[in-house]
Amino acid sequence: MNIIDIINKKRKKQELTDEEIKYVIDNFLNGTIKDYQMSSLLMAILLNDMTNEEIYSLTKYMAASGEQLDLTSLGTNVVDKHSTGGVGDKTTLIIAPIVASCGVKVAKMSGRGLGHTGGTIDKLESIPGFTVNLTEKEFINEVNDIGLAITSQTENVALADKKIYALRDVTGTVESIPLIASSIMSKKIALGAKKLVLDVKVGSGALIKNIDDARRLSRLMIDIGKHSGIDVICILTNMSVPLGNNIGNALEVSEAIDILHNHKKGSLYELCVELSSYMVSLGLKISYEEAKEKVLNNIDNDEAYDKFLELVKTQHGNIDKLPQEKTKYEIKTMTEGYLVDIDAYKLGVLSMSLGAGRLTKEDKLDYSAGIIVNKNINDYVKKGDVIMTLYTKKKITNIDNTIFKISDKKNRNNKLIYEIIK
Ligand code: URA
């Protein structure tokens, strides 16, 4: 077997065998297959696609290429959640305590942000004292004790995926649907998930820009799940506008509290209720309707908020000392009309430039930096109204004036949840 034959086979649209895919993963990890050879194969995959059998093999070998977590000691009532990434996506901070307060265990390993999207671990670290580096034993014990734990994903999960992703990032091959599906699912398999709700983001602020691609990705991840013994539900959601009003680490924690404690309504609340209901339904094996009733009750009676406080306390955080930036810049509108569009991607990039995100892995974050969007889609705005407030220690120069779109007619295509695929 050799890599040139394998590349040529894929170039000719022939199906690779399980042995050939194992050969690629093993030899790319040990350095025998070079980056330029792997890049060539990845481009052939992007152009010529993969069969389901190929995708199952790729996922299986990537999952087995690093550390693997065994969560069986936690029982069968454990549900994981994953989002394909977006701007202002603080759903994990809200959903994990809601679901745990309903009696479903949440053992969540999360990542850090890079580029225009944020990461749950950075958001939690903005809470002074909050520990994100639990050992496996501490992680499992905490889930057993309080029903949930959130920790930083270890560096050694699905090592082959990590090495391949780094290459995809610089060779224009990130957008291959089979590669995205196997990348996400390999990590979930390695982390021991057995029940999984996936928030598949679609739109300008997301990796997947159109609904057809989102459908194919969802069906593939469900198929991979079936093949590996994981129950998967996909929720396709709108990421052309940011989620909620706050972007930036401590600002997002404070919006999560607004939902859990002050029961602030809106698109973020709706999405969290939806995702939580599917997780509770999977975990407790009850209907979606019954699960939703529990979720709404536990938000209303503050049991979900109490669970959030318990999580923060157990992981040594002090929520009363959340950093707040004093310097703020109010950005005002120049026109009048309905706010019909907010460019999630551009806001993500702006938030990063204020200090809330990283351009490279080494960049240091300013936890108090970020943006509050002061208006919602379809609000009527008048000339001179504050549309967003920027919080930063940096000097503000010119702000892109194409972030917000104002029109004399409302946006009628402002759907939050496109569809559910099971
Ligand atoms: N998220 C992942 O983990 N992998 C991808 O390929 C894309 C998004």
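From a predicted model like this one, the values you see are computed outputs, not experimental measurements. (Residues numbered from 1 in each chain as written. Predicted model: local features only at pLDDT ≥ 70, side-chain atom pairs only at ≥ 80, totals over all residues. Heavy atoms only, no water.)

Asker: So what's going on with the pattern of salt bridges? Which residues, and what values?
Answerer: As enumerated under the stated definition, the model contains 23 salt bridges in all. Ionic pairing is found between Arg216 and Asp49, a salt bridge with its closest N-O pair at 3.1 Å. With Arg216 in helix α10 (residues 211-227) and Asp49 in the loop between α3 (35-48) and α4 (52-63), this pair connects stretches of sequence that are 167 residues apart. Taking the shortest distance from any N to any O, the salt bridge between Arg358 and Asp122 comes out at 2.9 Å. With a gap of 236 residues between them, Arg358 in the loop between α15 (344-356) and β9 (370-373) and Asp122 in helix α6 (residues 120-125) connect regions that are remote in the sequence. Accessibility expressed as a relative area gives 9% for Arg358, which makes it buried. The buried category is assigned to Asp122, whose relative accessible area is 2%. (Salt bridge = Lys/Arg side-chain N within 4 Å of Asp/Glu carboxyl O. Helix = DSSP H or I, 4+ residues; strand = E, 2+ residues; numbered from the N terminus. Buried < 20%, exposed > 50% of the residue type's maximum accessible area, 1.4 Å probe, protein only.)

Asker: I'd like a rundown of the side chain of Asp89, residues and numbers included.
Answerer: Residue position: Asp89 is located in the loop between β1 (80-83) and α5 (91-101). Overall, the relative accessible area of 10% leaves Asp89 in the buried class. The residues contacting Asp89, other than those within four sequence positions of it, are Ser83, Lys123, Asp199, Lys201, Leu243 and Glu252. (Contact = heavy atoms within 4.5 Å.)

Asker: Which residues make up the site of the ligand, and what values do they have?
Answerer: In the region of the ligand, the neighbouring residues are Tyr165, Arg168, Ile180, Ser183, Ile184, Lys187 and Leu207. At 2.9 Å from an oxygen atom of the ligand is found a side-chain nitrogen or oxygen belonging to Arg168. Ser183 places a polar side-chain atom, nitrogen or oxygen, 2.6 Å from a nitrogen atom of the ligand. Contributing elements (two or more residues each) for the shell around the ligand: α8 (159-169) and α9 (177-190). (Near = heavy atom within 4 Å. Polar contact = N/O pair within 3.5 Å; in protein donor to acceptor, adjacent residues only side chain to side chain.)

Asker: How would you summarise the domain arrangement of the protein chain if you had to cite specific residues and measurements?
Answerer: Frequently, the measure chosen for interface size is the accessible area removed from exposure when the parts meet. Assigned domains within the protein chain: domain 1 (3-48), domain 2 (72-320) and domain 3 (323-407). Each of domain 1 and domain 3 has a C-alpha centre, and these two points are 43 Å apart. (Domains from an automatic or database assignment.)

Asker: Report on α4, specifying residues and quantitative values.
Answerer: Every α-helix winds through 3.6 residues per turn, so residues three or four apart in the chain are directed the same way. Its 12 residues place the ends of α4 16 Å apart at the C-alpha level, agreeing with the 16 Å of an ideal helix rising 1.5 Å per residue. Those residues of α4 that are buried lie in contact with α1 (3-11), α2 (18-29), α8, α9 and α10. (Expected span 1.5 Å × (residues − 1).)

Asker: Outline the sheet that holds strand β10 (residues 380-381), listing residues and values.
Answerer: Pairing is antiparallel in the open sheet, where three strands are placed in the order β10-β8-β12. One side of each edge strand has no neighbouring strand; the edge strands of this open sheet are β10 and β12 (404-407). Bridge count for strand β8 (residues 337-342) against β12 is four bridges, and the pairing is antiparallel. Bridge pairing in β12 places Leu339 opposite Ile406. (Pairing = 2+ DSSP bridges.)

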